[in-house]
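These are the residues of each chain, in order.
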Amino acid sequence: MEDIIELFSRYGIDFALMAAAAAAITVALDYAVFNKLNLSGKALRAKKLLPYVLGVLFYTIYGIVCNSCISCFFENLADIFQQGLAVGTLGYLLCRLADKIISGKSVSASDTEAVVSLIDGYISDGKTESTARLLCDAAKNGGSGEIENILEENAAEGVTQAELEVLKALILSYFENTSA
């Protein structure tokens, strides 16, 4: 708690408001536009830069308005970019926090389908979908050990420990890449 108070006393409430605005715009665009586009690869990584770009933009506007001159922008360019990146960093952290709150650790049907396709043939007959739901819940809650236990309990006959380890790694990798 003291760290948060120190942050506000050092940078001020205006800093936090700019970061919150950058985070709000990023989250809104993420849920309204980016999720519908099914981005992958470089486009997905570029989306993560948005809070930083907005932070620099907001701090630039803030600097120009507070100093009442555009020439101050060119005189303090390094300071403006440094502070703008700091605003963007806080905005990015707020975006990740908002994603966790909004997602509520719920599992979507597409997540379950993806996990079903990964584990199909490695899980006992008739248990694939229920096991996939359990694995999705465990992965969303960050339980690597729990994933391992679920896979071991429901594995089909003849599945090796090495195959279970690979499945666990694939499931964890899937959820790391879809939640990032």
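Scroll up to find the structure this text is about.
Further remarks concern the environment of D14. Mapped onto the elements of the fold, D14 is located in helix α2 (residues 13–37). Take D14: its relative accessible area is 24%, and that puts it in the partly exposed class. Once the C-alpha coordinates of D14 and V87 are considered, the two residues, 73 residues apart in sequence, prove to be 9.9 Å apart.

Moving on, we come to the packing of aromatic side chains. Under the definition given, this model contains 2 aromatic pairs. When the ring of Y52 is compared with that of Y92, the centres are 5.9 Å apart and the planes differ by 25°; the resulting orientation is stacked. Highlighted residues: Y52 in helix α4 (residues 50–67) and Y92 in helix α6 (residues 77–103), separated in sequence by 40 residues. Look at Y52 and you get partly exposed, because its relative accessible area is 25%.

Here we take up the side chain of T128. Along the chain, T128 turns up in helix α8 (residues 128–140). With sequence-adjacent residues up to four places away left out, T128 is seen in contact with V116, I119, D120 and I123.

Within the structure shown, the criterion is met by 3 salt bridges. Here R133 makes a salt bridge to E129, at a shortest N to O gap of 3.8 Å. Separated by 4 residues within a single helix, R133 and E129 lie in helix α8, roughly one turn from each other. For E129, a relative accessible area of 51% translates into the label exposed. One salt bridge in this structure joins K168 and E165, with 3.8 Å as the shortest N-O distance. With a gap of 3 residues between them, K168 and E165 both fall in helix α10 (residues 161–179), about one helical turn apart. Using a relative accessible area of 33% as the deciding quantity, one classes E165 as partly exposed.

What counts and how
- Residues numbered from 1 in each chain as written.
- Predicted model: local features only at pLDDT ≥ 70, side-chain atom pairs only at ≥ 80, totals over all residues.
- Heavy atoms only, no water.
- Helix = DSSP H or I, 4+ residues; strand = E, 2+ residues; numbered from the N terminus.
- Buried < 20%, exposed > 50% of the residue type's maximum accessible area, 1.4 Å probe, protein only.
- Phe/Tyr/Trp six-rings, centres within 6.5 Å; stacked < 30°, edge-to-face > 60°.
- Contact = heavy atoms within 4.5 Å.
- Salt bridge = Lys/Arg side-chain N within 4 Å of Asp/Glu carboxyl O.

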